[in-house]
Amino acid sequence: MNYIEPLARLISEFTKFPGVGEKTAARYAYFVMNKSEEEISDFVKAVSEVKSKVRFCKVCGNFSEGEICDICSYRDKSVICVVKEPKDVIALEKIKDFSGVYHVLHGVISPVDRVGPDDINIKGLLARLDGVREVILATNPDVEGEATAMYIARLIKPMGIKVTRIARGLPEGSVIEYADEMTLSRALAARTEL
């Protein structure tokens with residue numbers, strides 16, 4: 001179908017979102033067209049504020065409005081839970097079982113995608129280990145997540161720090177952000193030492 005130019009541009013922008021094809025993008029565009037000017041202005045403002053106000057915590061790499069996130073400011077720093085992305089922190093925080101801090105890698109080791117250990121935030125983790133008694137590796141239970149966990153474990157274990165892996169309560173090949181709270185809670189509680 002041939003859309004008029006402004007509508008075609010909007011549809012094209014929506015197709016850049018993960019998992020959004022042309023039909024869904026067209027539905028989003030029609031939805032936007034049916035909203036009031038005030039509603040659209042609020043939406044544009046929210047997008048703009050996210051880009052201008054949200055940054056990465058300089059300690060852990062999680063989303064933050066300030067230089068250091070609230071979790072790093074107030075939590076027990078002797079236990080660090082290592083995750084792939086900030087959305088994994090949000091998923092784990094929903095279970096309310098963890099009182100330590102996080103470390104966000106911003107990726108995993110993936111030779112196929114040409115992502116090596118120096119391309120993710122492993123050096124930042126190693127710099128935080130003074131006074132740490134346990135590192136929990138909570139990367140996804142897929143090939144890349146397992147490889148990343150094993151690599152980090154090999155670096156940290158010789159330092160005398162306890163290294164654990166979240167339990168296999170998560171199905172193989174799944175993604176942490178989509179797991180329910182009970183599964184995440186069990187996986188965290190039944191973590192194993194590597």
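Source: prediction; values computed, not measured.

**Q** Please clarify how the side chain of Ser110 should be interpreted in this entry.
**A** When you line up the elements, Ser110 lands in the loop between strand E4 (101-104) and helix H6 (122-126). With residues up to four places along the chain from it excluded, the contact list for Ser110 reads Val115 and Glu144.

**Q** It is not clear to me how the sheet that holds E4 should be interpreted in this structure. Could you clarify?
**A** An order of E4-E3-E5-E6-E7 is seen for the five strands of this open sheet, with the pairing classed as mixed. Of all the strands in the sheet, just E4 and strand E7 (192-193) have a single pairing partner and so form its edges. Summarising the sheet, strand E3 (residues 79-83) and strand E5 (residues 134-137) pair through four bridges and their orientation is parallel. Bridge assignment links Cys81 to a residue of E5, and that residue is Ile136.

**Q** Got a minute to help me understand a nonpolar patch on the surface in this structure?
**A** Side chains of Val50, Val54, Phe56, Phe63 and Ile90 sit close together on the surface and give an oily, nonpolar patch of about 460 Å² of accessible area. The topology assignment puts Phe63 in strand E2 (residues 63-64). A relative accessible area of 43% places Phe63 in the partly exposed class.

**Q** Got a minute to help me understand the pattern of salt bridges in this structure?
**A** Any two side chains of opposite charge can pair if their charged atoms end up close together. Under the definition given, this model contains eight salt bridges. Arg9 is paired through a salt bridge with Glu5; the nearest N and O atoms lie 3.6 Å apart. Of the two residues, Arg9 and Glu5 are both situated in helix H1 (residues 5-14); the distance of four residues between them amounts to about one turn of the helix. A salt bridge links Glu67 to Lys58, with the shortest nitrogen-to-oxygen separation between them at 3.3 Å. Neither residue differs from the other here; Glu67 and Lys58 are each classed as exposed.

Thresholds, definitions, all that
- Residues numbered from 1 in each chain as written.
- Predicted model: local features only at pLDDT ≥ 70, side-chain atom pairs only at ≥ 80, totals over all residues.
- Heavy atoms only, no water.
- Helix = DSSP H or I, 4+ residues; strand = E, 2+ residues; numbered from the N terminus.
- Contact = heavy atoms within 4.5 Å.
- Pairing = 2+ DSSP bridges.
- Patch = residues over 30% accessible without salt bridge, like charges linked within 9 Å, V, L, I, M, F, W, Y side chains within 5 Å.
- Areas by Shrake-Rupley, 256 points an atom, 1.4 Å probe, with all protein chains shown as cover.
- Salt bridge = Lys/Arg side-chain N within 4 Å of Asp/Glu carboxyl O.
- Buried < 20%, exposed > 50% of the residue type's maximum accessible area, 1.4 Å probe, protein only.

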